[in-house]
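Each chain, letter by letter, is given below.
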Amino acid sequence: MVPILLVLLLAVLLFGVGFAVKALWWIALIVLAVWLLGFVMRSTSAGGKRSRWYRW
């Protein structure tokens, strides 16, 4: 009985870790897309002077 419970616990932990990693990948892709959009928008709206794409 104990080995079955350990296997089930391990499966639940691995599923949770896999779900968290997949969610983090989606978040990273969304952040990358927003960053790239900001980079493109900022470089096209330079006006008369050369503007930097970062704030500091």
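Use the structure listed above.
Summary of the structure given here.

Our focus in this paragraph is the overall build of the chain. Broken down by element type, the chain carries one helix and zero strands. Across the 56 residues that make up the chain, the buried fraction comes to 0%.

Another aspect to go through is a nonpolar patch on the surface. On the surface, Trp-26, Leu-29, Leu-32, Trp-35, Leu-36, Phe-39 and Val-40 cluster together into a nonpolar patch covering about 690 Å² of accessible area. Along the chain, the position of Trp-35 falls in helix H1 (residues 2-44). Taking the relative accessible area as the measure of exposure, Trp-35 reaches 42% and is therefore partly exposed.

Reading the values: rules and limits
Residues numbered from 1 in each chain as written. Predicted model: local features only at pLDDT ≥ 70, side-chain atom pairs only at ≥ 80, totals over all residues. Heavy atoms only, no water. Helix = DSSP H or I, 4+ residues; strand = E, 2+ residues; numbered from the N terminus. Buried < 20%, exposed > 50% of the residue type's maximum accessible area, 1.4 Å probe, protein only. Patch = residues over 30% accessible without salt bridge, like charges linked within 9 Å, V, L, I, M, F, W, Y side chains within 5 Å. Areas by Shrake-Rupley, 256 points an atom, 1.4 Å probe, with all protein chains shown as cover. Salt bridge = Lys/Arg side-chain N within 4 Å of Asp/Glu carboxyl O.

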